[in-house]
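# Chain and residue survey
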Amino acid sequence: MLELKNIRKTFHKGRQTVVAVDDVSLDIRAGEILGLGSVVGNGERALARAIAGGIPLQSGHILLRGEAIHQLSVGERA
């Protein structure tokens, strides 16, 4: 149903590049529920925003029902 393949997202903080999400891959089937838990600031928000289309990815692919959606806007993903 939803596949994430090698998702990577970085941010620039001053002169440093901060890796928010590094090489995340998931395969969620129809009827499954995924819960993410972590200490605040470990990339959970960036991952959720990337899936929703709120921020662009540095690399990786997001597929919904086998169709690539990682380059679509938030509205186009709905």
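The structure this text deals with has already been given above.
If you're wondering where the values come from, they're calculated on a predicted model, not measured in any experiment.

About the thresholds
Residues numbered from 1 in each chain as written. Predicted model: local features only at pLDDT ≥ 70, side-chain atom pairs only at ≥ 80, totals over all residues. Heavy atoms only, no water. Salt bridge = Lys/Arg side-chain N within 4 Å of Asp/Glu carboxyl O. Buried < 20%, exposed > 50% of the residue type's maximum accessible area, 1.4 Å probe, protein only. Helix = DSSP H or I, 4+ residues; strand = E, 2+ residues; numbered from the N terminus. Contact = heavy atoms within 4.5 Å. Pairing = 2+ DSSP bridges. Axes fitted to C-alpha atoms, helices over the stretch in contact; angles between N-to-C directions.

Evaluation of the coordinates by the stated rule reveals three salt bridges. Across the pair Arg29 and Glu32 runs a salt bridge, and its minimum N-O distance is 3.5 Å. Exposure remark for Arg29: the relative accessible area of 51% places this residue in the exposed category. Overall, the relative accessible area of 41% leaves Glu32 in the partly exposed class.

Here the focus is the side chain of Thr10. As for its placement among the helices and strands, Thr10 is situated in strand β1 (residues 2-13). Exposure remark for Thr10: the relative accessible area of 11% places this residue in the buried category. In contact with Thr10, not counting residues within four places along its chain, are Thr17, Val18, Val19, Ala20 and Gln58.

On to the sheet that holds strand β4 (residues 67-68), then. Sheet architecture is open: four strands sit in the order β2-β1-β3-β4, paired in antiparallel fashion. Strand pairing shows two members of the sheet lacking a second neighbour, β2 (16-28) and β4, which therefore form its edges. The sheet contacts of helix α1 (residues 44-52) involve β1, β2 and β3 (59-64), and relative to β1 the element is tilted by about 120°.

Another aspect to go through is unusual backbone geometry. In this structure, Asn6 takes a positive phi of about 55° despite not being glycine. Positive phi, normally seen in glycine, also occurs at Arg65, with a value near 55°. Within the secondary structure, Arg65 is located in the loop between β3 and β4. For Arg65, a relative accessible area of 63% corresponds to the exposed category.

Just distances and angles here, no functional claims.
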